[in-house]
Amino acid sequence: MPIHKKQIIEKESAVVDGIELGPDWNRMFEQRVLTNYDMSGLDKVTSVEGAESMGWCYQCTQCIPVCPVNQAGGEYGPRKIFRELQQGMDLFTNDDLWKCTTCMNCLRVCPKSVDMIKIMPAIREEAVLEANVPAELQEAFENTFEYGNPLGESQRKRADWIKDAGVEVPIMKEKKEVDYLWFVECYPAYHGRGQETSQAMARILTKLNVDFGILGTEEKCSCDSQRLAGEVGLFEEFAEHNIATFDKYKFKKIMTTDPHALNAMKKKYPDLGGDYDVEHYTTMLAPMMDQLDLKNDLNIKVTFHDPCYLGRHNGEYMAPRNIIEALPGVELIEMGRCKEQSYCCGGGGGGMWLDGFMSDHVNERLSENRVREAVETGADVLVVVCPYEISRFEDAVKSTGNEGKLLVKDIAELIDEAMA
Amino acid sequence: MANENIIIIGGGPAGLEAARGIADLGYKAILVEKRDRLGGTPDEAQYAALTPDLRNAKEAMDEMRDAVIDNPGVELMMNTTVTGTEGVVGDFKVKAVQNGNPIEIEGGAVILATGFQHFDPGRETQKYGYYEHDDVITLVDAEKMFTADNFVRPSNGEKPKSVAFIQCVGSRDRQIGNEYCSKVCCGMSSKQAIEVRHHCPDAKIYIFYIDMRMYGYWENEIYWPAQEEHKVNYIKGMATEIIKKGDHLIVKGEDTTLRRPMEVPMDMVILAVGMEPSEGTKEMADVFGVNKNKYGFIDTIGGPLNTVSTNVEGVFAAGACTGPADLEDSVSAAGSAVMKAVGVIRKAGVPA
């Protein structure tokens, strides 16, 4: 496919030599010959703190084949952005600014350390300040600001899921002191499938006699994805709220059901005064599996999707696999793109709230690309450990016509099913 | 008994290093130089700063010169051109002309260090218009400008707002007959791009290249800083030709990663000319009966494990007379040649 297609330029009206010409008469082709390298686009990006490394690309091209957006037909990737910037592209107002899911696969392979995980939030922050944000993302920002979560659900209902958990879920406001403070996060608290995961998780913790509690209505979104999508101010405000709330209680560890929250608390909260021992629920559960006395043989084949923010961003690949291995009657078939090379569900870095926007730029959703790979393995179940994924992949199973061939389940649901 | 003097022909970096080394080992070096100055091409072409460390070239050459001038182990023969030779290893009688007078120099071994010359971009091909356009210059011309601390457009004396380097001029070219890579030009261009940045802080600087060959530490010492700190733009695709349009030069080429033709106006173009054997190298090879390769450089016979021995016993070659070489290569080869030259005269001196 040619990179550069001849573009037809038509102006509604153009005056040539004093004669007004309508669109049919002023139609012309965009010039194909490059006549200028306008470095202002690149200079503008590299002058932003955090985005300096955009100028370091030496076009080795290694980022392109691993960029999930490019693999979904997006004609995208850091190398390409760099070249466009060398021709005067204004990234601050260009759609390319919003395509990156911050999956970190490019940085993993980049020999020059061109760091899109820093570049994208830095430039997006400027765009946010200028109000140049895709409408659907703006809506998620506004929902978060107004309701404390990007789904726009009521803060009062944040702990409603516990009613159907079948076990008691302690609230920190009453319990005050626990071993594990469970940071549930928005999708596990509000989204239908997320709630089912949370309820399963509550039953597992109860079975394990873990001393735990949740913040309930005091919990607010970690906003890590909003931060990566450019809403740094919102992130900091919410982080301060959550840190102040944590500091009211006593706990040994924070456990979270969202790798994005894990990422924020490990990497960003310490700078804001909240230095906690925080772990992902799979990291917590993996060494406890032998205490669960799992009796139900599940008799299924599964495949596993490594979330970007648990795997590449935080280096945990084995905990979920150790859990899967401990489940009776479960056979794991790995997808080709797994562990460090894992594909991206498309939800990170704001992608969760940009599906409409992205549909104009890719041939298939990233989640559809991934689901096709999962189906190819012949697995019955695609196991996930990130709350963004369950809804994204379930939608993709339907949209790719694979309904009935593949189920999407959180790892906690499988543990729950295997418990007697 | 063998004559224990070692004759070095050529007073550039390789010859100077060889002379110093021979004296350090307690032998006598006779350094023959046809010019009236030592320092070789870095001196003659008025290099401003060395690659890769940007060290002041004059200061560095002075240091090399100081090591041989007034050194009791080194006899300097300036303004001396070698014209012939007789004898064999252990007993060479070299004929020369010194200030117009024929002389004979005796020594047990010879080190040829006659160096290279810069490719002349107008001789074989005019596609870059070096002799037509004032603002098309070479790396060598740019060095002189940096040395004079006056980097401006030759056409109007003003500081350029845009400068393009074109790589591989005179190298890697079957039509020209130089199929080899000249090895140093990528580094020199990147080094000069940094110097251009110092002279013209706001200029746009481009390097049009086929492959950037920044081997070893040149990668991190020059290439990366040029791009990351000094905002030099590397564009893959060697420009094909230059045409004049008004006050500007239009550089025509293809931007390969965009797969689009480009015709970009520039204030100045610097041709990254490569290396060819100097006339002295070709002449001395003939005088000593040393084999040349198809390009006219001296053919060494030991492959990668012996870069200084030639087909004539007792005659060694060091530096850019054996092929494209940077300063690191040249002085390293000089050391190697000294070791081998001392070795043969010691062996020749042992009674049978």
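Residues numbered from 1 in each chain as written. Chains lettered and ligands numbered in written order. Predicted model: local features only at pLDDT ≥ 70, side-chain atom pairs only at ≥ 80, totals over all residues.

**Here's the deal with the overall build of chain B**
At step 1: Summing up its helical and strand segments, chain B has eight helices and 18 strands in all.
At step 2: For chain B, the C-alpha atoms occupy an extent of roughly 70 × 40 × 40 Å along the three principal directions.
At step 3: Residue burial in chain B is summarised as follows: out of 352 residues, 49% are buried.
At step 4: Long-range contacts, defined as pairs at least 24 residues apart, comprise 66% of the intrachain contacts of chain B with a sequence gap of at least 6. (Helix = DSSP H or I, 4+ residues; strand = E, 2+ residues; numbered from the N terminus. Buried ≥ 20, exposed ≤ 12 C-beta atoms within 10 Å, placed from the backbone. Contact = placed C-beta atoms within 7 Å.)

**Quick look at the pairing of strand 7 (residues 250-256) of chain A**
Side-chain direction in a regular strand flips from residue to residue, so the side chains alternate between the two faces of the sheet.
Residues and elements named next belong to chain A.
At step 1: Here six bridges tie strand 5 (residues 177-183) to strand 7, and the two strands are oriented parallel to one another. Considered in strand 7, the bridge of Val178 is made with Phe251.
At step 2: Read as a crossover between parallel neighbours, the route from strand 7 over helix 14 (residues 259-267) to strand 8 (residues 278-280) is right-handed. (Pairing = 2+ DSSP bridges. Right-handed = clockwise from strand over helix to strand, strands pointing away.)

**What about the domain arrangement of chain A?**
Residue and element names in this part refer to chain A.
At step 1: Looking at the assigned domains, one finds that chain A contains domain 1 (40-127), domain 2 (135-286) and domain 3 (290-418).
At step 2: Elements supplying a minimum of two residues to the side of domain 1 that touches domain 3: helix 4 (68-71) and helix 6 (105-109).
At step 3: Top contributing element to the side of domain 1 that touches domain 3 by residue count: helix 4, with three residues.
At step 4: Class assignment for the residues of the side of domain 1 that touches domain 3 results in eight nonpolar, six polar and three charged. (Domains from an automatic or database assignment. Nonpolar A, V, L, I, M, F, W, Y, C, P; charged D, E, K, R; others polar.)

**Remarks on helix 8 (residues 327-349) of chain B**
In an α-helix, one turn spans 3.6 residues, which is why side chains three or four residues apart end up on the same side.
Residues and elements named next belong to chain B.
At step 1: For helix 8, with 23 residues, the first-to-last C-alpha span of 33 Å sits near the 33 Å given by 1.5 Å per residue.
At step 2: For helix 8, the full list of buried residues reads Leu327, Asp329, Ser330, Val331, Ala333, Ala334, Ala337, Val338, Ala341, Val344 and Ile345.
At step 3: Check the buried side of helix 8 and you find it contacts strand 1 (5-9), helix 1 (13-24), strand 7 (109-112) and strand 18 (315-317). (Expected span 1.5 Å × (residues − 1).)

**Focus on the packing of helix 5 (residues 185-199) of chain B against helix 6 (residues 218-228) of chain B**
Residue and element names in this part refer to chain B.
At step 1: The contact between helix 5 and helix 6 brings their axes to 9 Å, and the two run at 45°. Considering the angle they form, helix 5 stands oblique to helix 6. Note on packing geometry: the crossing formed by helix 5 with helix 6 is left-handed. In this structure, helix 5 uses Gly187, Ser190, Lys191, Ala193 and Ile194 to contact helix 6, whose residues at the interface are Trp218, Ile222, Tyr223, Pro225 and Ala226.
At step 2: In the contact of helix 5 with helix 6, the residues fall into seven nonpolar, two polar and one charged. (Axes fitted to C-alpha atoms, helices over the stretch in contact; angles between N-to-C directions. Parallel < 35°, antiparallel > 145°, perpendicular 65-115°, else oblique. Left-handed = near helix turned anticlockwise from the far one by under 90°.)

**Let's talk about the sheet that holds strand 6 (residues 212-214) of chain A**
Residue and element names in this part refer to chain A.
At step 1: The four strands are arranged 6-5-7-8 in an open sheet whose pairing can be described as parallel. Each edge of the open sheet is held by one strand with a lone partner, namely strand 6 and strand 8. Strand after strand, the sheet turns through a mean of 35° between neighbouring axes, direction not considered.
At step 2: Relative to strand 8, strand 7 runs parallel, the two sharing three bridges.

**Some remarks on the sheet that holds strand 9 (residues 300-304) of chain A**
All names here are of chain A.
At step 1: Within the open sheet, the four strands sit side by side as 10-9-11-12. Their pairing is parallel. One side of each edge strand has no neighbouring strand; the edge strands of this open sheet are strand 10 (330-332) and strand 12 (407-410). For this sheet the average axis-to-axis angle between neighbouring strands, irrespective of direction, equals 35°.
At step 2: Relative to strand 12, strand 11 (residues 381-384) is paired through four bridges, and the arrangement is parallel. Along strand 12, the bridge assignment pairs Val383 with Lys409.

**Brief notes about the environment of Ile162 of chain A**
Residues and elements named next belong to chain A.
At step 1: Secondary-structure assignment places Ile162 in the loop between helix 8 (135-147) and helix 9 (172-175).
At step 2: C-alpha of Ile162 to C-alpha of Asn263: the two residues are 101 residues apart in sequence and 25 Å apart in space.
At step 3: Residues in contact with Ile162, not counting those within four places in the same chain, are Val169 and Ala202.

**Side note on the interface of chain B and chain A**
At step 1: Taken together, the contact between chain B and chain A spans 17 residues of the former and 15 residues of the latter.
At step 2: Counting residues per element, the ones that place at least two in the side of chain B that touches chain A are strand 11 (204-209), helix 6, strand 12 (232-236) and strand 15 (260-266) of chain B.
At step 3: At five residues, the largest contribution of residues to the side of chain B that touches chain A is made by strand 15 of chain B.
At step 4: Tallied by class, the residues present in the side of chain B that touches chain A amount to six nonpolar, three polar and eight charged.

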